[in-house]
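Commentary on secondary and tertiary structure
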Amino acid sequence: MSCFSRVLAAAVLAAGCAAPAWAQTLTLQQQLMNYCNVLASSQGLQGDSRKSYLTACMNGQNPTAATANKPLSPQQQRANDCDAQANTQRLGGEARRTFMKSCLRM
């Protein structure tokens, strides 16, 4: 193998191992999309409600306002009520976990 072939092989190998710098950084738009996706996923949004949420978020609008008109499910309402009761009783730690578990089963 000639010297030129060895240098070329080493350059090809090195280029294949190292990712270009531009591939490692996200643009501001990509960062915003990732952020909005994380928020939408944390709220369990799917379908049309997820699309409208992401559109509002990407346009810089308050994304919670986009879903504020959506009524709470009975389970979500129950969780909010139990949480409010636990806050009123100033429960924390294991006592709060035990209370929430029993409250949500009712």
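Here, the structure is the one placed above.
Residues numbered from 1 in each chain as written. Predicted model: local features only at pLDDT ≥ 70, side-chain atom pairs only at ≥ 80, totals over all residues. Heavy atoms only, no water.

Geometry of a packed helix pair, given as the angle between the helix axes and the separation of the axes. Between helix α3 (residues 28-42) and helix α4 (residues 47-58), the shortest axis-to-axis distance is 10 Å and the interhelical angle comes to 140 degrees. With respect to α4, the axis of α3 lies oblique. Considering the relative orientation of α3 and α4, their crossing is right-handed. Between α3, through Q29, L32, M33, C36, N37, L39, A40 and S41, and α4, the contact on the second element is made entirely by R50, Y53, L54, C57 and M58. Class assignment of the residues belonging to the contact of α3 with α4 gives a composition of nine nonpolar, three polar and one charged. (Axes fitted to C-alpha atoms, helices over the stretch in contact; angles between N-to-C directions. Helix = DSSP H or I, 4+ residues; strand = E, 2+ residues; numbered from the N terminus. Parallel < 35°, antiparallel > 145°, perpendicular 65-115°, else oblique. Left-handed = near helix turned anticlockwise from the far one by under 90°. Contact = heavy atoms within 4.5 Å. Nonpolar A, V, L, I, M, F, W, Y, C, P; charged D, E, K, R; others polar.)

What follows is about α3. Helix length check: α3, at 15 residues, gives a terminal C-alpha distance of 21 Å against a target of 21 Å (1.5 Å per residue), a fit within 8%. Once α3 ends, the next one or two residues include G44, with phi positive near 70 degrees. (Expected span 1.5 Å × (residues − 1).)

This part is about the pattern of salt bridges. Under the defined criterion, the tally for this structure stands at two salt bridges. With a closest N to O distance of 2.2 Å, R96 and D83 form a salt bridge. Here D83 lies in helix α6 (residues 74-88) and R96 lies in helix α7 (residues 93-105), a separation of 13 residues in the sequence. The residue R97 makes a salt bridge to E94 at a minimum N-O spacing of 3.3 Å. (Salt bridge = Lys/Arg side-chain N within 4 Å of Asp/Glu carboxyl O.)

We now examine α4. For α4, with 12 residues, the first-to-last C-alpha span of 17 Å sits near the 16 Å given by 1.5 Å per residue. The set of residues buried in α4 consists of Y53, L54, A56 and C57. Buried positions in α4, seen along its axis, are confined to an arc of 165 degrees and lie on one side of it. In this structure, α4 carries D48 and K51 as exposed residues pointing more than 90 degrees from its buried face. With its phi angle positive at about 80 degrees, G60 sits one or two positions after the end of α4. (Buried < 20%, exposed > 50% of the residue type's maximum accessible area, 1.4 Å probe, protein only. Arc of directions from axis to C-beta.)

All right, on to the nonpolar core then. Membership of the largest hydrophobic core is limited to six residues, which are C36, A40, L45, Y53, L54 and C57. Of all the secondary structure elements, the ones that give two or more residues to this core are α3 and α4. Take this core: its biggest share by element is three residues, from α4. Counting five residues, the second largest nonpolar core, distinct from the first, contains C82, A86, F99 and M100. (Core = buried A, V, L, I, M, F, W, Y, C linked by side-chain atoms within 4.5 Å.)

We now examine the environment of R78. Along the chain, R78 falls in helix α6. Along the sequence, R78 and R105 sit 27 residues apart, while their C-alpha atoms lie 9.7 Å from each other. Beyond its immediate sequence surroundings of up to four residues, R78 is in contact with C103, L104 and M106. Here the side chain of R78 touches C103 through a polar contact of 2.9 Å, landing on its backbone oxygen. (Polar contact = N/O pair within 3.5 Å; in protein donor to acceptor, adjacent residues only side chain to side chain.)

By themselves, these are just geometric observations and shouldn't be taken as functional.
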